[in-house]
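Listed here are the chains, written in short residue letters.
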Amino acid sequence: MEKIIGLIDAPFTPMKENGDVNLEPIASYAAMLQKNGLKGVFINGSSGEGYMLTTKERMMLAERWVNVAPEGFKVIVHVGSCCLRESIQLAAHAQKIGAWGIGSMAPPFPKIGRIEELVKYCETIAAAAPSLPFYYYHIPAFNGAYLPMLDLLKAVDGRIPNFAGIKYTFESLYEYNQCRLYKDGKYDMLHGQDETILPSLAQGGAQGGIGGTTNYNGRELTGIIDAWKRGDIETAREKQNFSQAVINVICQYRGNIVGGKRIMKLMGFDLGPNRVPFQNMTEEEEQSMRRDLEQIDFFSRCNQF
């Protein structure tokens, strides 16, 4: 099974002022991401407010991204839902429309607390799209599924034929590396924390990854990997530290889903508001964030359109 090389973006869902999904910007969005070094998208996930979209809306978005994706640009569809039957429907739809792959986090409700529960959940979804690689999206801060991922790999091995690997968005670089080393690297361990790409590269990981701040800081994040490959550790370190400074800013403005989406507006690519219960930023907050970003020289280094 093919392993992903390079960074995949977790895009925001464009919305109109009334909260409806807006498909119009997606072609330009995909072109911008590719121009800045991203290799594909992981749509309808946490950055895309996937759990707050209807099944119909998620299908519409998947169809649009697949239809406008540049050649070689991977479209992975997050199909997780609190309703397993909806996940099955979304997975089968992703396969039908020609998506590159699918993935799912554990549902926030009911909370999964045992490996076998998680395996059965993944197995059921993966079976609905047997020709596509399936990635488990490990983000326990969102759903409370604090389970050992090495145990998950051992449990799915030989049981889920199209289980490709894990999008690992958690703080334990030790566990991430143990999963990466399992059976000489059998599974694709996609690095999911933009703030720790460089230390993971030092361990041999982060050959592929999925990030949220790549939406606006993709040039710098892909630059970390490029500098590492050249042996230019000082440049890689500077870019990683800059990327952490960007994250420090968005953490003051309700994180990537809210603050990051507003950064896109400040860059000239307005993707609309977030859905309730997210609290949208005020004009005053936007201007305050702009000043904070200017202090770290963000706008001369961010993604280009």
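These figures come from a predicted structure and were not determined experimentally.

Calculation criteria
- Residues numbered from 1 in each chain as written.
- Predicted model: local features only at pLDDT ≥ 70, side-chain atom pairs only at ≥ 80, totals over all residues.
- Heavy atoms only, no water.
- Phe/Tyr/Trp six-rings, centres within 6.5 Å; stacked < 30°, edge-to-face > 60°.
- Buried < 20%, exposed > 50% of the residue type's maximum accessible area, 1.4 Å probe, protein only.
- Lys NZ or Arg CZ within 6 Å of the ring centre and 35° of its normal.
- Axes fitted to C-alpha atoms, helices over the stretch in contact; angles between N-to-C directions.
- Helix = DSSP H or I, 4+ residues; strand = E, 2+ residues; numbered from the N terminus.
- Parallel < 35°, antiparallel > 145°, perpendicular 65-115°, else oblique.
- Left-handed = near helix turned anticlockwise from the far one by under 90°.
- Contact = heavy atoms within 4.5 Å.
- Nonpolar A, V, L, I, M, F, W, Y, C, P; charged D, E, K, R; others polar.
- Core = buried A, V, L, I, M, F, W, Y, C linked by side-chain atoms within 4.5 Å.
- Salt bridge = Lys/Arg side-chain N within 4 Å of Asp/Glu carboxyl O.

K.L.:
Quick one: what's the story with the packing of aromatic side chains, residue by residue and with numbers?
P.N.:
For the coordinates displayed, the defined rule picks out 12 aromatic pairs. The interplanar angle of 80° and the centroid separation of 5.2 Å between the aromatic rings of phenylalanine 298 and phenylalanine 299 together place this pair among those described as edge-to-face. By relative accessible area, phenylalanine 298 is classed as buried at 0%. Taken together through their ring pairs, the aromatic side chains of Tyr29, Trp65, Phe269 and Phe305 make up a single cluster. It is arginine 290 that lies over the ring of phenylalanine 299; its NZ or CZ is 5.6 Å from the centre. Positioned over the ring face of phenylalanine 242 is arginine 301, at 3.9 Å from the centre of the ring.

K.L.:
Would you mind going over the packing of helix α2 (residues 55–68) against helix α3 (residues 84–97) in detail, with residue names and values included?
P.N.:
Orientation of α2 relative to α3, taken along the N-to-C sense of each, is 20°, at an axis distance of 10 Å. Taken as axis vectors, α2 and α3 run roughly parallel relative to one another. Between α2 and α3 the crossing geometry is right-handed. Judged by residue contacts, Thr55, Arg58, Met59, Ala62, Glu63 and Val66 of α2 engage Glu86, Gln89, Leu90, His93 and Ile97 from α3. Looking at the contact of α2 with α3 residue by residue, the class counts come to 5 nonpolar, 3 polar and 3 charged.

K.L.:
Quick rundown of the nonpolar core? Include the residues and the values.
P.N.:
The biggest cluster of nonpolar side chains holds 84 residues, and the ones touching the most others in it are Leu118, Tyr136, Leu152 and Phe163. Other than its neighbours up to four places away in sequence, leucine 152 contacts Ile115, Leu118, Val119, Tyr136, Phe163 and Ile166. Ile76, Ile139, Ala164 and Ile210 belong to the second-largest nonpolar core, a separate cluster that totals 12 residues.

K.L.:
Explain the pattern of salt bridges to me, using residue names and the numbers behind them.
P.N.:
Per the counting criterion, the structure on display carries 18 salt bridges. Ionic pairing is found between lysine 183 and aspartate 157, a salt bridge with its closest N-O pair at 2.8 Å. Here aspartate 157 lies in the loop between α6 (149–156) and β6 (163–168) and lysine 183 lies in the loop between α7 (173–181) and β7 (188–191), a separation of 26 residues in the sequence. With a relative accessible area of 52%, lysine 183 lands in the exposed category. What makes aspartate 157 buried here is its relative accessible area of 16%. Residue arginine 237 is joined to glutamate 234 by a salt bridge in which the shortest nitrogen-to-oxygen separation is 2.5 Å. Linking arginine 237 with glutamate 234, this pair stays in helix α10 (residues 233–250), spanning 3 residues, or about one helical turn. Residue classification places glutamate 234 among the exposed positions, given a relative accessible area of 55%. Bridged by salt links that share partners, the residues Glu116, Lys120, Glu123 and Arg159 form one connected network.

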